[in-house]
Amino acid sequence: MAEVSTPHVLLGLLASGGTRHGYELKRAHDERLPRARPLAFGQVYATLGRLQRDGLVATAGQEREAGPDRTTYTLTDAGRATLDRWLTEVEPPMPYVASTLFAKVTVALLVADVDRARAWLIAQRRAHTQRLRELTAAKAAPSATLDDVVALDFAIAHLDADLRWLHTTLDRVADWHREVHT
Amino acid sequence: MTQLQARGVVKAYGPTPALRGITLDVDAGEIIAVTGPSGCGKSTLLHCLAGILRPDAGEVTWHGHRIDTWSEAARSRLRRTEFGVLFQFGQLVAELTAAENVALPLLLAGTGRREARTAALTWLERFGVAELADVRPGEMSGGQQQRCATARALVTEPRVLFADEPTGALDTLTGEQVLTQLVRLAREQGTSVVLVTHEPRIAAYADREVVLRDGLVDQSGLGLDSPLLGERR
């Protein structure tokens, strides 16, 4: 699965929210992308440093409240152009064939027998089903925001696809084993 | 507490076996998904549990009373008072308006006309289709019809709702809205739900999943209790 491009997300947050300091960007990130891994402060400042070096953001000043000085950042024209380019580019559909799920069944069939592969598929199906239930419960909760729902939809759709594959592969596994060993 | 039980239920259509000895408990207030590939016996099991079909062998009990030996009239009465049934295509009565359709189970159970209409309007409102009260099914979208059918299935506040692929004919978003509301309202009023589906994503709304394969319960490890939804009463 492709990693989320943190630099582009930060450029987008600066474009939508104007001048902000690192802490505000981190908070906005975690709020808008609630299912992503929360950004570490170190990562925010390291990314901002690189974006500044590349001329995509500029420092706008120092905010001094109680505590240390906080540098605020603003988007440059070059940053805006980079962001627009990223938003226009279509992402390559992910091929998925390199999935660990797939590799594991293949190897299980090579080194063990059908029962071993089947047992693994059943255990994996169980884990996937459990996770699907958790995400569905989170999505159906009255407190879920649309941000949550859309993010959960994405995760649920992918888990659902994996589960369908696990079901189908369970039905195929005996034939597959025969083919692997002839 | 278990309220509905199947014990060794067998059912065949001519020479073709559909159920080959199913044992299943439905507890009060729990939501069970019955899943499995096409032809595995899901719908037949639902029909046997709901007293629509009589098993060839085995027992179906409701609060300890065998209902599979009851007359059609007695089972029909049970369905009217304690059960709600919902199919893939709402099967609304074409000649009746939405409100009349939803009020129908109450009228059949002896509720007065005015009271039945008031309840029908409340349930249409809960499914977001109050404005369709005086519209006939022919003038509604599939999603609107299924919302009305779901309201009709729940209007008697049944103890068990049997839902056979209730979102199968709907697009993903509409199906999800109908199902979310169905599950929420069923939980609120403590209605058990037996949800037949072949889709993992739909089954994930249930507290647990029973997988059928060739007319038997598949014992291979999917009888999961949900970590979050599993407030089994």
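Values in this document were obtained by computation on a predicted structure and should not be read as measured data. (Residues numbered from 1 in each chain as written. Chains lettered and ligands numbered in written order. Predicted model: local features only at pLDDT ≥ 70, side-chain atom pairs only at ≥ 80, totals over all residues.)

**Things to note about the overall build of chain B**
Phase 1: A tally of helices and strands in chain B yields seven helices and ten strands.
Phase 2: Relative to the 2.2 N^0.38 estimate, which gives 17 Å for 233 residues, the radius of gyration of chain B is 17 Å and therefore close to what a compact globule would have.
Phase 3: Seen along its three principal axes, the alpha-carbon backbone of chain B occupies a region of about 45 × 40 × 35 Å.
Phase 4: Excluding contacts between residues fewer than 6 apart, the proportion of contacts in chain B whose partners are at least 24 apart in sequence is 69%. (Helix = DSSP H or I, 4+ residues; strand = E, 2+ residues; numbered from the N terminus. Rg over C-alpha atoms; globule rule 2.2 N^0.38 Å. Contact = placed C-beta atoms within 7 Å.)

**What to know about the nonpolar core**
Phase 1: If you look at the biggest cluster of nonpolar residues, it comprises 81 residues, and the most contacted ones within it are Val-34, Leu-49, Val-102, Leu-124, Phe-162, Val-194 and Leu-195 of chain B.
Phase 2: Those residues in contact with Leu-49 of chain B that lie beyond four places of it in its chain are Leu-4, Ala-6, Val-60, Phe-162 and Val-194 of chain B.
Phase 3: One finds Val-9, Leu-11, Leu-13 and Val-57 of chain A within the second-largest nonpolar core, a separate group that totals 15 residues. (Core = buried A, V, L, I, M, F, W, Y, C linked by C-beta atoms within 7 Å. Buried ≥ 20, exposed ≤ 12 C-beta atoms within 10 Å, placed from the backbone.)

**Focus: helix H3 (residues 98-108) of chain B**
All names here are of chain B.
Phase 1: Inspection of H3 places Ala-98, Ala-99, Asn-101, Val-102, Ala-103, Pro-105 and Leu-106 among the buried residues, and these make up the whole buried set.
Phase 2: Contacts from the buried residues of H3 go to helix H2 (72-82), helix H4 (113-126) and helix H5 (142-154).
Phase 3: Trailing H3 by a residue or two, Gly-110 shows a phi angle of about 100°, which is positive.

**Brief notes about the confidence of the model for chain A**
Phase 1: Of all residues in chain A, 93% have pLDDT values of 70 or greater, and the mean over the chain is 86.
Phase 2: Per-residue pLDDT, averaged within each element of chain A, yields its smallest value for helix H5 (residues 100-111) of chain A (80) and its largest for helix H3 (residues 41-53) of chain A (93). (pLDDT = per-residue confidence, 0-100.)

**Some remarks on the pairing of strand S2 (residues 16-27) of chain B**
Within a regular strand, the side chains alternate between the two sheet faces.
Phase 1: Here strand S1 (residues 2-13) of chain B runs beside S2 of chain B; their pairing, made up of nine bridges, is antiparallel. Bridging across to S2 of chain B, Val-9 of chain B finds its partner in Ile-22 of chain B. (Pairing = 2+ DSSP bridges.)

**Observations regarding the packing of helix H1 (residues 6-17) of chain A against helix H4 (residues 77-88) of chain A**
Residues and elements named next belong to chain A.
Phase 1: Contact geometry for H1 and H4: axes closest at 10 Å, N-to-C directions at 115°. Along this stretch, H1 crosses H4, giving a crossing that reads as left-handed. In this structure, H1 contributes His-8, Leu-11, Gly-12 and Ala-15 to the contact, and H4 contributes Gly-79, Arg-80, Thr-82, Leu-83 and Trp-86.
Phase 2: Its residues assigned to classes, the contact of H1 with H4 comprises four nonpolar, four polar and one charged. (Axes fitted to C-alpha atoms, helices over the stretch in contact; angles between N-to-C directions. Left-handed = near helix turned anticlockwise from the far one by under 90°. Nonpolar A, V, L, I, M, F, W, Y, C, P; charged D, E, K, R; others polar.)

**Re the packing of H3 of chain B against H5 of chain B**
When two helices pack together, their arrangement is given by the angle between the helix axes and by the axis-to-axis distance.
Residue and element names in this part refer to chain B.
Phase 1: Packing of H3 against H5 leaves a shortest axis separation of 7 Å and a crossing angle of 25°. Overall, the two elements H3 and H5 adopt an arrangement that is roughly parallel. Between H3 and H5 lies a crossing whose hand is right-handed. Contacts between H3 and H5 involve Ala-98, Asn-101, Val-102, Leu-104 and Pro-105 from the former and Cys-148, Ala-151 and Arg-152 from the latter.
Phase 2: Here the residues of the contact of H3 with H5 are counted per class, giving six nonpolar, one polar and one charged. (Parallel < 35°, antiparallel > 145°, perpendicular 65-115°, else oblique.)

**Comments concerning the sheet that holds S2 of chain B**
Residue and element names in this part refer to chain B.
Phase 1: Reading across the sheet, the four strands line up as S2-S1-S4-S5 and stay open at both edges, with antiparallel pairing between neighbours. Looking along the sheet, the strands with just one partner apiece sit at the ends: S2 and strand S5 (65-66).
Phase 2: In terms of strand pairing, S1 meets strand S4 (residues 57-62) through five bridges, oriented antiparallel. In the sheet register, Ala-6 faces S4, and the bridge partner there is Val-60.
Phase 3: With respect to the sheet, helix H1 (residues 42-49) is in contact with S1, S2 and S4, its orientation differing from that of S1 by roughly 125°.

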